[in-house]
Amino acid sequence: MASSESQPRFGQSVKGLLSDKVGSCSGDAIGLTRQVLKGSRSQELLGQAARNMVIQEDAILHSEDSLRKMSIITTHLQYQQEAIQKNVEHSKNLQDQLRYLLK
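The rules we used
Residues numbered from 1 in each chain as written. Predicted model: local features only at pLDDT ≥ 70, side-chain atom pairs only at ≥ 80, totals over all residues. Heavy atoms only, no water. Helix = DSSP H or I, 4+ residues; strand = E, 2+ residues; numbered from the N terminus. Buried < 20%, exposed > 50% of the residue type's maximum accessible area, 1.4 Å probe, protein only. Areas by Shrake-Rupley, 256 points an atom, 1.4 Å probe, with all protein chains shown as cover. Patch = residues over 30% accessible without salt bridge, like charges linked within 9 Å, V, L, I, M, F, W, Y side chains within 5 Å. Salt bridge = Lys/Arg side-chain N within 4 Å of Asp/Glu carboxyl O.

Visitor: If you had to explain the overall build of the chain to someone new, which residues and values would you point to?
Guide: A tally of helices and strands in the chain yields one helix and zero strands. Taken over 103 residues, the chain has a buried fraction of 0%. Approximately 9,700 Å² of the chain is accessible, and the part contributed by carbon and sulfur atoms is 61%.

Visitor: Could you give me a rundown of a nonpolar patch on the surface, with the residues and numbers involved?
Guide: Together, Leu98, Tyr100, Leu101 and Leu102 give the surface a local cluster of nonpolar side chains, amounting to about 550 Å² of exposed area. Relative to the assigned elements, Tyr100 resides in helix α1 (residues 2–102). Here Tyr100 falls in the exposed class, since its relative accessible area comes to 65%.

Visitor: Please provide a residue-by-residue account of the pattern of salt bridges, values included.
Guide: Evaluation of the coordinates by the stated rule reveals three salt bridges. Two residues, Asp65 and Lys69, come together in a salt bridge whose shortest N-O distance is 3.4 Å. With Asp65 and Lys69 both in helix α1, this residue pair falls four residues apart, about one helical turn. Owing to a relative accessible area of 29%, Asp65 belongs among the partly exposed residues under this scheme. Asp96 is paired through a salt bridge with Arg99; the nearest N and O atoms lie 3.1 Å apart.

Okay, structure coming up:
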């Protein structure tokens, strides 16, 4: 009779161990799924960062080009300013000559 009593206990013990193992495996599967999703999200973030870097690099190149063009325009404006100043000085000389002649 002792063996018939130990049989149900053994069956319950095995069922308990099996249940614990199934729970442990389920937990491990959930953890693995989380890690895969986290890795996938990391890849998405890295891809987005790379795209943003390319966009920023393009903006920097465009800014450099704009600065180069503005530098050229500034140089041309300086030449024009110098020419205008020379013309103003020349105009003053002509005004002085006209005043002298009209006296």
